[in-house]
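A look at the structure
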Amino acid sequence: MARVDLKNLTKKFEDVIAVNNMNEVIEDKQFVVLVGPSGCGKTTTLRMIAGLEEVTGGEIYIGDRLVNDVPPKDRDIAMVFQNYALYPHMDVYNNMAFGLKLRKTPKADIVKRVNNAARILKIEELLKRKPKQLSGGQRQRVALGRAIVRDPKVFLMDEPLSNLDAKLRVQMRTEIAKLHQRLDATIIYVTHDQTEAMTMASKIVIMKDGLVQQTGAPQEVYDHPNNIFVAGFIGSPAMNFVDVTVTDRITLKNKQFELETPSKIKEIIKNNDLVGKEVVVGIRPEDLEDSQFVPEAKDTNIITANVEVTEPMGAEIYVYVDIDGVLMTARVIPKSKLKSGDVAKLFVDIETIHLFDKKTEKAYI
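Bear in mind that the values here come from a model prediction, so they are computed numbers and not experimental data.

The rules we used
- Numbering of residues starts from 1 in every chain and runs along the sequence as written.
- Side-chain atom pairs in this predicted model are given and counted only at pLDDT of 80 or more, local residue features only at pLDDT of at least 70, and totals for whole chains, interfaces and linings cover all residues.
- With hydrogens and water excluded, all non-hydrogen atoms of the structure serve as input to the side-chain values.
- Each helix is a run of H or I in the DSSP string that is no shorter than four residues. Each strand is a run of E no shorter than two, and both are numbered from the N terminus.
- The buried label applies to any residue whose accessible area, calculated with a 1.4 Å probe on protein chains only, is under 20% of its type's maximum; exposed applies above 50%, and partly exposed to all values in between.
- Contacts were defined at the residue level, with two residues in contact if any of their heavy atoms lie within 4.5 Å.
- Reported accessibility uses the Shrake-Rupley method at a 1.4 Å probe radius. Residues are deemed covered only where the shown protein chains occlude them.
- His is not counted here, nor are the chain ends, while Lys and Arg score as positive and Asp and Glu score as negative.
- Charge positions are represented by NZ for Lys, CZ for Arg, CG for Asp and CD for Glu.
- The pairing test for Phe, Tyr and Trp rings, Trp by its six-membered ring, is centres within 6.5 Å, and the orientation test on the planes gives stacked under 30 degrees, edge-to-face over 60, and tilted for anything in between.
- Throughout, nonpolar core names a set of buried Ala, Val, Leu, Ile, Met, Phe, Trp, Tyr and Cys residues whose side chains join them through atoms within 4.5 Å.
- Each axis is a line fitted through C-alpha atoms, taken for helices only over the stretch in contact, and angles between the N-to-C directions span 0 to 180 degrees.
- Should an angle lie under 35 degrees it is considered roughly parallel, over 145 roughly antiparallel, and from 65 to 115 roughly perpendicular; all remaining angles are considered oblique.
- Note on convention: near helix rotated counterclockwise from far helix by under a right angle means a left-handed crossing. Clockwise means right-handed.
- Put simply, Ala, Val, Leu, Ile, Met, Phe, Trp, Tyr, Cys and Pro go in the nonpolar bin, Asp, Glu, Lys and Arg in the charged bin, and everything else, Gly too, in the polar bin.
- Within this scheme a cavity is a closed region of a 1 Å grid, computed over the protein atoms alone, that accommodates a 1.4 Å probe without allowing it to escape, whereas a pocket is open but has protein on both sides within 12 Å along at least five of seven lines; lining residues each have an atom within 4 Å of a point.
- Grid points are joined across faces, edges and corners, and a volume is the space filled by probe spheres set on the points.

Of regular secondary structure, the protein possesses 9 helices and 20 strands. For the protein, the spread of C-alpha atoms along the three principal axes comes to 75 × 45 × 35 Å. In the protein, which comprises 365 residues, the proportion classed as buried is 50%. Of all intrachain contacts in the protein linking residues separated by at least 6 positions in sequence, the fraction that spans at least 24 positions is 67%. If you sum the accessible surface of the protein, you get close to 17900 Å²; carbon and sulfur atoms cover 48% of it. The average position of the 51 basic charges and that of the 51 acidic charges among the side chains of the protein differ by 9 Å.

Here it is as structure tokens:
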């Protein structure tokens, strides 16, 4: 396996900058997920690493080798596509073996590699079937198997689960994570689904408009987002944002509520001279609870809001509320009886709130 080093990587399509001066290091055996909304540049980045897209500027190293001008077939990478890209006229065995045959790999070695990959992916009984006889999940396993038999330095995966139904996607997420541990492989994985990124990656790279917004371990990015975009993109349901004014009592005051500030927030306010200024406070839905089920809830740190809609999810209820025109989401326990039209009193876990600059949208630290 190998480390991948992207130095000042840039891609332009005429006047559009798809990837803008990207600098990232994917360490050997790391599972890195590039995540972001459509058009953020993540797939373009993957295609440049694969050699399927020409680099406008910067350098790509796989191991110690500069590969900018190296053809895809000589980069020692294997790519798994969103649409599987299986040959319909070949059975599963020959789909998996095809790349090895092109490289004139000895027949005995091909048989060994294909059977080993089939055993890892639990598709031994499918080897004689054609792709049309397979389910979506089985086709994805075959596509993974075709990559595994190559024994490449780097696996590149471009939204490989997006064509699967929700239940199968959850199952395949687990399978790919287990596969990474078993192969001890370097994997670069592209998705627009932040849940996939959070559950599978050892490191996530969050992109927007061709720029890297933040890089780090999933929990680190979740707990300490750099800016409003990252805070709103990572986490489901998304973080709530509301404008507040910092008062001289070191509280966060909105027209409809007032929040006491814990010591860490007081320190941020002091260090950034925020008293009297407007800031944006970020509150995750899981940090808002129906106050009647919070023993420590008193009159402080309560947000009173009109309930618009509720979504029972079984283990929790999503409550969508309106606070003077600002829409917010709370994740409350199933015991809550809140319903549309009610006036909710939501307790805020102030230890977990985030503060952002209103103009730059960057997090205060």
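Attention now moves to the packing of aromatic side chains. Tallied over the entire structure, the rule returns 4 aromatic pairs. With a centroid separation of 4.9 Å and an interplanar angle of 65 degrees, the aromatic rings of Tyr87 and Phe98 are classed as edge-to-face. Pair noted here: Tyr87 is in the loop between strand S6 (77–80) and helix H2 (92–102) and Phe98 is in helix H2, with a separation of 11 residues, a long-range link. Under the relative-accessibility criterion, Tyr87 is labelled partly exposed at 32%. Phe98 sits in the partly exposed class, given a relative accessible area of 26%. On the basis of an interplanar angle of 70 degrees and a centroid distance of 5.8 Å, the ring pair of Phe241 and Phe356 is categorised as edge-to-face.

Turning our attention to the nonpolar core. Met96 and Tyr189 are the most contacted members of the largest nonpolar core, which has 49 residues in total. Broken down by element, this core gets its largest block of residues, 6 residues, from helix H3 (residues 107–121). In this structure Met96 touches Val114, Ala117, Ala118, Ile123, Leu127, Val142, Gly145, Arg146 and Val149, once residues within four positions along its chain are discounted. Counting residues in each nonpolar core, the second largest holds 32 residues, with Phe257, Ile269, Leu274 and Val281 among its members.

Turning our attention to the packing of H2 against helix H4 (residues 136–148). A pair of packed helices can be characterised by two numbers: the angle between their axes and the separation between those axes. Where H2 contacts H4, the two axes come as close as 8 Å, and the packing angle between them is 30 degrees. With respect to their mutual orientation, H2 and H4 come out roughly parallel. As H2 packs across H4, the resulting crossing turns out to be right-handed. Two secondary-structure elements touch here, H2 through Val92, Asn95 and Met96 and H4 through Val142, Gly145 and Arg146. Partitioning the contact of H2 with H4 into residue classes produces 3 nonpolar, 2 polar and 1 charged.

Contact geometry for H4 and helix H5 (residues 166–183): axes closest at 11 Å, N-to-C directions at 20 degrees. Judged by the inter-axis angle, H4 sits roughly parallel to H5. By crossing handedness, the relation of H4 to H5 is classed as right-handed. Along the contact surface, H4 presents Gly136, Gly137, Gln140, Arg141, Leu144 and Ile148, while H5 presents Leu168, Gln171, Met172, Glu175, Ile176, Leu179 and Leu183. Here the residues of the contact of H4 with H5 sort into 7 nonpolar, 4 polar and 2 charged.

A few words now on empty space enclosed by the protein. By the definition in use, this model includes 1 cavity of 30 Å³ or more. Of the volumes computed, that of the largest cavity is approximately 30 Å³. What lines the largest cavity is Leu144, Ile148, Phe155, Met157, Leu179, Leu183, Ala185 and Ile187. Taken together, the residues that form the lining of the largest cavity break down as 8 nonpolar, no polar and no charged.

None of the figures reported here should be taken as evidence of function without further support.
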